[in-house]
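Architecture at a glance
Below are the chains, spelled out letter by letter.
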Amino acid sequence: SDVCSSDLGLHFAGVDVKNCFYQHGLPRWLSEYFGLDYVTAGEVGLRTLDGAELSPGARLYPLLSAVPMGWTWALYLVQRVHEEILRRPPEFARVPCAVDFRPPPRPSDGTFYSLYVDNILVEGTDAEEVSRVRRAASEMFIKAGLDAHEETDASREMLMLGGFQEGDPPRCGLGPKRFWKLYAGLGHLVNRRRAASSRRSEEHTSE
């Protein structure tokens, strides 16, 4: 693990959006691109559909009404939606946010947060302020119609997205579960003693 740049003791709090992708609906025109294999009306117990009678053998093709996780654009769109939710209240918009490709906020300058799709991590040196920001984030998601869970108030330790952070002294690294997955995956590739594609490497180190 690596020691963080700040010498101040840190507190962490977090919240997770429950069943994240499936809480976001698709418009009908887009839903038609995500059809499932057909079922018969008899198998699902339907006798009528949109006012029309159905025979038991009529084929029906279910369409997804929620954002599918495997869709290439799913992560991008949901990330942007959640960013917009957190930007709405003026008091929360002033809280610094750690984002890719920019220097992160300094803990000595106050509490800040990071957002990765459905996970929010809040950290800072003031435990009460860290908990307040976390609760504000939870409230905003709930007001937007999204269920939140795994809500934790200020703590000296936090495990999130496979990473483990400690606040006194400040330290971060891989969590035990993620470490051993990575260790076992890389060990498998080394013991194969033959070339492996980048896609294959990703499969064995992320499963």
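In the block above lies the structure referred to throughout.
As a starting point, this report considers the structure included with it. (Residues numbered from 1 in each chain as written. Predicted model: local features only at pLDDT ≥ 70, side-chain atom pairs only at ≥ 80, totals over all residues. Heavy atoms only, no water.)

Attention shifts here to helix α3 (residues 74–87). Taking 1.5 Å of rise per residue, the 14 residues of α3 would be expected to cover 20 Å, and the 20 Å separating its terminal C-alpha atoms lies within 8% of that figure. For α3, every residue scored as buried is listed here: A74, V78, Q79, H82, E83, I85 and L86. Seen from one end, α3 has its buried residues packed into an arc of 160°, which puts them on one side. Buried residues belonging to α3 abut β2 (11–17), α4 (90–93), β8 (112–116), β9 (119–124) and α5 (127–143). (Helix = DSSP H or I, 4+ residues; strand = E, 2+ residues; numbered from the N terminus. Expected span 1.5 Å × (residues − 1). Buried < 20%, exposed > 50% of the residue type's maximum accessible area, 1.4 Å probe, protein only. Arc of directions from axis to C-beta. Contact = heavy atoms within 4.5 Å.)

Here we come to the sheet that holds β9. Backbone-to-backbone hydrogen bonds pair the strands of a sheet. The strands run either parallel or antiparallel. The 5 strands are arranged β7-β8-β9-β2-β10 in an open sheet whose pairing can be described as mixed. Both edges of this open sheet fall to β7 (97–98) and β10 (148–155), since each of them pairs with a single strand only. By the bridge criterion, 6 bridges tie β2 to β9 in an arrangement that is antiparallel. Paired with H11 across the bridge in β9 is G124. Here α3 sits on the sheet in contact with β2, β8 and β9, set at roughly 150° to β8. (Pairing = 2+ DSSP bridges. Axes fitted to C-alpha atoms, helices over the stretch in contact; angles between N-to-C directions.)

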